[in-house]
Structure formats: structure tokens, C-alpha cells
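# Tertiary structure, described
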Amino acid sequence: MLLPGVQLDIFTWPEVESVKLRNGQRWTFRNRLIQSEAELRSAFAVLDQYEEGSYDTEASGLKPHLGARICGHAATIQTGKHELTNFYIPVRHQNTDEPQLDPALVAQFFARLFQIWQRVRGHHLKFDALMCRADGVEI
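### As for the side chain of asparagine 31
Relative to the elements of secondary structure, asparagine 31 occurs in strand S4 (residues 26-33). For asparagine 31, a relative accessible area of 7% translates into the label buried. Of the polar contacts made by the side chain of asparagine 31, one reaches the side chain of asparagine 86; its length is 2.7 Å. In contact with asparagine 31, other than residues within four places in its own chain, are Trp13, Pro14, Glu15, Glu17 and Asn86.

### A closer look at the confidence of the model for the protein chain
Caution is warranted with low-pLDDT regions, since their predicted coordinates should not be read in detail. Residues at a pLDDT of 70 or more form 91% of the protein chain, whose mean pLDDT is 89. At the level of individual helices and strands, the protein chain shows its lowest average pLDDT in strand S1 (residues 2-3), which scores 37, and its highest in helix H1 (residues 37-47), which scores 97. Confidence drops under a pLDDT of 50 for residues 1-8, and excluding neighbours within four residues, the segment shows 14 contacts in the predicted structure.

### What about helix H3 (residues 125-134)?
Since the α-helix advances by 3.6 residues per turn, residues separated by three or four positions end up pointing in the same direction. Looking only at H3, the buried set comprises Asp128, Met131 and Cys132. Projected down its long axis, H3 carries its buried residues within an arc of 100°, all on one side. Taken together, the buried residues of H3 touch strand S5 (52-59), strand S6 (70-80) and helix H2 (103-116). Two residues or fewer after H3 comes glycine 136, characterised by a positive phi angle close to 85°.

### Topic: the packing of aromatic side chains
Per the stated rule, a full pass over the model turns up six aromatic pairs. Among the aromatic residues, ring-to-ring pairing joins Phe44, Tyr55, Phe109, Phe110, Phe114 and Trp117 into one connected group.

### Re the layout of surface pockets
Roughly 390 Å³ of internal volume is contained in the largest pocket. Lining the largest pocket are 22 residues, with Ser54, Tyr55, Ala75, Thr76 and Asn86 sitting closest to its centre. Its residues placed into classes, the lining of the largest pocket shows ten nonpolar, eight polar and four charged.

Parameters at a glance
Residues numbered from 1 in each chain as written. Predicted model: local features only at pLDDT ≥ 70, side-chain atom pairs only at ≥ 80, totals over all residues. Heavy atoms only, no water. Helix = DSSP H or I, 4+ residues; strand = E, 2+ residues; numbered from the N terminus. Buried < 20%, exposed > 50% of the residue type's maximum accessible area, 1.4 Å probe, protein only. Polar contact = N/O pair within 3.5 Å; in protein donor to acceptor, adjacent residues only side chain to side chain. Contact = heavy atoms within 4.5 Å. pLDDT = per-residue confidence, 0-100. Arc of directions from axis to C-beta. Phe/Tyr/Trp six-rings, centres within 6.5 Å; stacked < 30°, edge-to-face > 60°. 1 Å grid on protein atoms, 1.4 Å probe; cavity = no way out; pocket = protein on both sides within 12 Å on 5 of 7 lines; lining within 4 Å. Points joined across faces, edges and corners; volume = space filled by probe spheres on them. Nonpolar A, V, L, I, M, F, W, Y, C, P; charged D, E, K, R; others polar.

Right, dumping it as C-alpha cells:
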């Protein structure tokens, strides 16, 4: 997908990354790209087990009231002391032949998840909440 000045190359995302932080700690990131309904069900079987997580959206624009919509959902959970598992679910990416999921189906899964999670963390979460609301999901 191409956004102004940004090219998202999530389709070549590494499955496992190891990052050393400034304080010397090493964190492991497990990345899962979800492109089928079976993978979606498997991902939410994991996500549903946690009481909190982080959430972010990729969007086609900044103004949902002018037609901008979610292109992809990202959810992250802390699965170990220094380990995070990231899930990315593309729903409306353009200019790609990669498989994507039905936005309404994914919205149903996130609506349920946001009822399970006691705490949702995010960067610009107010924007993400507005984008979700355009798809009928409340955070």
C-alpha cells in the first residue's frame, strides 16, 4: 500500500526479530501476518487469553467522516518478560495481490476482543477509536 511519503512493506515482515535496546535489554518480537480466516481465528484464540494489549490502525486517510477507512489492524501482546507478539491483519490495502480479510469479519473479532481486554494501549488511540467507530467497533 502506498501512503503519502510512506510505503508499507508488511508482506515481507520477518517472523522473528531480536532488538537490543539502549539499556542493553534484548527483546524478541514475533510477527504474524494474518491473511486467512483460519489464521484470524488462531490469532484471536491467542489474543483472547490476555487482559490487555496494544492496538493500532493503518488507515487510508486521517478523516473518517470524509471516507477514510482502516486498511489494516495491528494488535500486540506481551507474551514473555522480554517478548512481544505482533499480529497484523490487512483488510483494505490497495495496489496489492496479497490476500486480505473481509473488514466486517475482522471488525467482529476486534469488537469482541475490546470487551475482553481490560486495558487497551496505543499511540494516537483516539484516532484509532474514531477509525474503528466508522467500522462499527467501539474501543
